[in-house]
Amino acid sequence: QVQLVESGGGLVQAGGSLRLSCVVSGSGFTIKDAGWYRQAPGKERELVATITRDGQTAYIDSVKGRFAASRDDTINTMYLQMNSLKVEDTAIYYCNVDLDFMSYEYDVWGQGTQVTVSS
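If you're wondering where the values come from, they're calculated on a predicted model, not measured in any experiment. (Residues numbered from 1 in each chain as written. Predicted model: local features only at pLDDT ≥ 70, side-chain atom pairs only at ≥ 80, totals over all residues. Heavy atoms only, no water.)

Engineer: Any chance you could explain the state of the cysteines here in plain terms?
Structural biologist: Working definition: the covalent bond between the sulfur atoms of two cysteines is a disulfide. Tallied over the entire structure, the rule returns one disulfide. Put simply, C22 and C95 are joined by a disulfide, and their sulfur atoms are 2.3 Å apart. Across the S-S bond linking C22 and C95, the dihedral sits near -85°, which makes this disulfide left-handed. With C22 in strand β3 (residues 18–25) and C95 in strand β9 (residues 91–101), this pair connects stretches of sequence that are 73 residues apart. Of the two residues, C22 and C95, both sit in the buried class. (Disulfide = S-S within 2.5 Å. Helix = DSSP H or I, 4+ residues; strand = E, 2+ residues; numbered from the N terminus. Buried < 20%, exposed > 50% of the residue type's maximum accessible area, 1.4 Å probe, protein only.)

Below, the structure is given as structure tokens:
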């Protein structure tokens, strides 16, 4: 059984920082690519950042220069460092991990963590 547990969300003032973490537990799998998504009320879920197995990252334009995705595969953990937070960053953030299990690929989602940025 594979589980993703996200943490690190909370309430922060505009201009502040948060670091989200996504711990992947279980056995028998290899983590390939991962992504961070967010969904604000009344909006579609959007892809915020991606990170490949070899650490290559990509970001949506609105967070470039402010957010940084990283990973520590020794502890099966993905991170999203969020700096210079804006009110518009307020959303539920979800970790999505692409797993290789017995030669098949699976998408596994975390439960989401709320990020609220106040003015």
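Engineer: Would you explain the sheet that holds strand β7 (residues 67–72) in this entry?
Structural biologist: The strands making up a sheet associate through hydrogen bonds between their backbones, and the pairing can be parallel or antiparallel. The antiparallel open sheet is built from four strands, whose spatial order is β1-β3-β8-β7. At either margin of the open sheet sits one strand with a lone partner, and together these are β1 (3–7) and β7. Neighbour-to-neighbour, the strand axes of this sheet turn through a mean angle of 15°, independent of strand direction. As judged from the five bridges shared by β1 and β3, these two strands associate in the antiparallel manner. When the bridges of β3 are listed, Q3 appears paired with S25. (Pairing = 2+ DSSP bridges. Axes fitted to C-alpha atoms, helices over the stretch in contact; angles between N-to-C directions.)

Engineer: Explain the pairing of strand β4 (residues 30–39) here, please?
Structural biologist: Every regular strand shows the same layout, with side chains that alternate between the two sheet faces. Bridging between β4 and β9 involves eight bridges; their strand directions are antiparallel. The residue bridging W36 from the neighbouring strand is C95, located in β9. Pairing between β4 and strand β5 (residues 46–51): five bridges, direction antiparallel. Along β5, the bridge assignment pairs G35 with T50. Linking β4 back to β5 in an antiparallel pair, the connection comprises six residues, with G42 at a positive phi of about 75°.

Engineer: I would appreciate a short explanation of the environment of L47 in the present structure.
Structural biologist: For L47, the location among the structural elements is in strand β5. As for L47 and L80, which are separated by 33 residues in sequence, their C-alpha atoms are 13 Å apart. Setting aside chain neighbours within four positions, we find L47 in contact with G35, W36, Y37 and I60. (Contact = heavy atoms within 4.5 Å.)

Engineer: How should the side chain of N96 be read in this particular structure?
Structural biologist: Residue placement: N96 occurs in strand β9. A polar contact of 3.5 Å, which involves the side chain of N96, links it to the backbone oxygen of V108. With sequence-adjacent residues up to four places away left out, N96 is seen in contact with D33, A34, G35, Y37, D107, V108 and W109. (Polar contact = N/O pair within 3.5 Å; in protein donor to acceptor, adjacent residues only side chain to side chain.)

Engineer: What's the story with the pattern of salt bridges in this structure? I'm lost.
Structural biologist: When the charged atoms of two side chains with opposite charge come close together, those side chains can pair. Evaluated as defined, the whole model comprises seven salt bridges. Between R53 and D73 there is a salt bridge, with the nearest N and O atoms lying 3.4 Å from each other. Of this pair, R53 sits in the loop between β5 and β6 (57–59) while D73 sits in the loop between β7 and β8 (77–82), placing them 20 residues apart in sequence. Judged by relative accessible area, which is 46%, R53 ranks as partly exposed. D73 sits in the partly exposed class, given a relative accessible area of 28%. A salt bridge links D89 to R66; its shortest N-O distance comes to 2.7 Å. Here D89 is found in the loop between β8 and β9, whereas its partner R66 is found in the loop between β6 and β7, with 23 residues between them in sequence. Across this residue pair, the class does not change: D89 and R66 are buried. Put simply, R38, E46, R66 and D89 are held in one network by salt bridges that share partners. (Salt bridge = Lys/Arg side-chain N within 4 Å of Asp/Glu carboxyl O.)

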